[in-house]
Amino acid sequence: MALKITDIGELTTFNSDKNRIIRMTGMDMIIEEGRISEIDEGLPDADEKVDASGRLVTPGFVDAHTHPVFAKARADEFGMRISGKSYQEIADQGGGIRASVKAVREMPEKQLLELTKNHLEDFLSLGTTTVEAKSGYGLSTESELKSLMILSKAADSVAINVVPTFLGAHDFPHEFADNRRGYVDLICDEMIPAVTKQGIAQFCDVFCENGWFDVESSRRILETGKEHGLKPRLHADEFVASGAAELAAEVGAFSADHLMHVSDEGIRKMAEAGVVAILLPGTTFFLGKQTYAPARKLMDAGVEVAVATDFNPGSCSIQSMPFIMNLSCLYLGMSVEESFMGATHVAAKSLGWENRVGSLEVGMEADVVIWDVDRLEGIPYHVGGNKVHKVIKSGRTEVDGGK
């Protein structure tokens, strides 16, 4: 059965032939078996029709850095930060990642699954059709496997692509507070083989940062992951220039994320190795900080830049990619088209999915968003609202009228 989207106002997408964002008017689109089969003017009728009524049509967003498996929000920490405590101080007092770890370990799987499904549905309602989703709030073999299983089950229940990432190296659990080497041994000798046997995770991530996992430990974890078929990516240089960007280049990481304090040498090596930078302006904004990642410097050096939400219970509760586009334009110095490409095609490339999602081209998955605006600039312009009219995932309407 074929579906036709007609009366498209502006169709905006990355185009692989021209290697840039293009904007077309007067187009129709035909979708067959969940994929785009034709884009042209005046296409013949199909079995079903969706009238865009002159609205903007784009590919669904690809959010390439999220942490959706958690048991409870940490709104109390927001108040602590407002009173002047830093992220590190809150973590030292039992908050931060370790607070989420305790909650995830204690919550029954069924309840945690429902919460995760709700998070994925919220992403979809905001125009996101693919998410990279990390574990990392279990920090034990049993709880990390539990988190990855929940991601798999949630993906089967919600019409959104989920790309699972193992993030056992998110922090050191309390039982290893005085034995960090022992926890790295556990990750490499027990967790990674178990994760590989489970067969859900596609990537292995590490929070490579001073005070967390140093470069030596991160290298060992990522190389072990590679030996077991897990592709590398990193949380890198968020608080200081720790050498994480350089490590990302060394291990052939798909992405290095955060990068607020990336060094010039790290940028140079990322460019040479083709590591995608995933910038997370929502985290800087949510934490009330002033130092945003140097997007323009990265792009000028030849590094491809994606943008993502970093949705998590502690340092960024944002799920809206339109708001991330807005922050990228205002604080990262990106143009509207650059931020849009970073939220779609480049984000897909950071997952190795650029031939599947992130653009509206013949043969791609039919992940289409119809907006209640008439041009691309309307997406980041409308801050705080939801201008999604319809979301069509793999050719099926999943969100209609914003619901």
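Scroll up to find the structure this text is about.
Report follows, based on the coordinates. (Residues numbered from 1 in each chain as written. Predicted model: local features only at pLDDT ≥ 70, side-chain atom pairs only at ≥ 80, totals over all residues. Heavy atoms only, no water.)

Concerning the nonpolar core
Phase 1: Judged by nonpolar contacts, the single largest core of 97 residues is most densely connected at Phe213, Ile221, Leu234 and Leu259.
Phase 2: The dominant element in this core, judged by the number of residues it contributes, is helix α6 (residues 180–198), at eight residues.
Phase 3: The residues touching Leu234, leaving out its near neighbours within four places in the chain, are Asp205, Val206, Cys208, Leu222, Ala244, Leu247, Ala248, Val251, Ala253, Ser255, Ala256 and Asp257. (Core = buried A, V, L, I, M, F, W, Y, C linked by side-chain atoms within 4.5 Å. Buried < 20%, exposed > 50% of the residue type's maximum accessible area, 1.4 Å probe, protein only. Helix = DSSP H or I, 4+ residues; strand = E, 2+ residues; numbered from the N terminus. Contact = heavy atoms within 4.5 Å.)

Observations concerning the pattern of salt bridges
Phase 1: A complete count under the given rule lists 30 salt bridges for this structure.
Phase 2: We note a salt bridge from Asp372 to Arg55, for which the minimum N-O separation is 2.7 Å. You can see Asp372 sitting in the loop between β16 (368–371) and α15 (378–381) and its partner Arg55 sitting in the loop between β6 (48–51) and β7 (57–59), a full 317 residues away along the chain.
Phase 3: Judged by relative accessible area, Asp372 falls into the partly exposed class, the value being 38%.
Phase 4: For Arg296, the salt bridge identified is with Glu338, shortest N-O distance 2.7 Å. In this pair, Arg296 is assigned in helix α11 (residues 295–300) and Glu338 in helix α13 (residues 336–342), connecting sequence segments 42 residues apart.
Phase 5: Given a relative accessible area of 24%, Glu338 falls into the partly exposed group.
Phase 6: Within this structure, Glu10, Arg23, Glu337, Arg375 and Glu377 form a network of salt bridges that share partners. (Salt bridge = Lys/Arg side-chain N within 4 Å of Asp/Glu carboxyl O.)

What to know about the sheet that holds strand β4 (residues 28–32)
Working definition: the strands of a sheet are paired by backbone hydrogen bonds and lie parallel or antiparallel to each other.
Phase 1: The mixed open sheet is built from four strands, whose spatial order is β5-β4-β1-β6. The outermost strands of the open sheet, each flanked by one partner alone, are β5 (35–40) and β6. Mean inter-strand twist for the sheet, computed between neighbouring axes without regard to direction, equals 20°.
Phase 2: When strand β1 (residues 2–6) meets β6, the two strands line up parallel, connected through four bridges. For Ile5, the partnering residue across the bridge sits in β6 and is Val50. (Pairing = 2+ DSSP bridges. Axes fitted to C-alpha atoms, helices over the stretch in contact; angles between N-to-C directions.)

Here we look at empty space enclosed by the protein
Here the idea is plain: a probe the size of a water molecule rolls over the atoms and shows the empty space left.
Phase 1: By the definition in use, this model includes two cavities of 30 Å³ or more.
Phase 2: As a volume, the second largest cavity reaches approximately 50 Å³.
Phase 3: Lining the second largest cavity, in full, are Leu126, Ser320, Pro322, Trp371, Ile379, His382, Gly385, Asn386 and Lys387.
Phase 4: Within the lining of the second largest cavity, the residues separate by chemical class into four nonpolar, four polar and one charged. (1 Å grid on protein atoms, 1.4 Å probe; cavity = no way out; pocket = protein on both sides within 12 Å on 5 of 7 lines; lining within 4 Å. Points joined across faces, edges and corners; volume = space filled by probe spheres on them. Nonpolar A, V, L, I, M, F, W, Y, C, P; charged D, E, K, R; others polar.)

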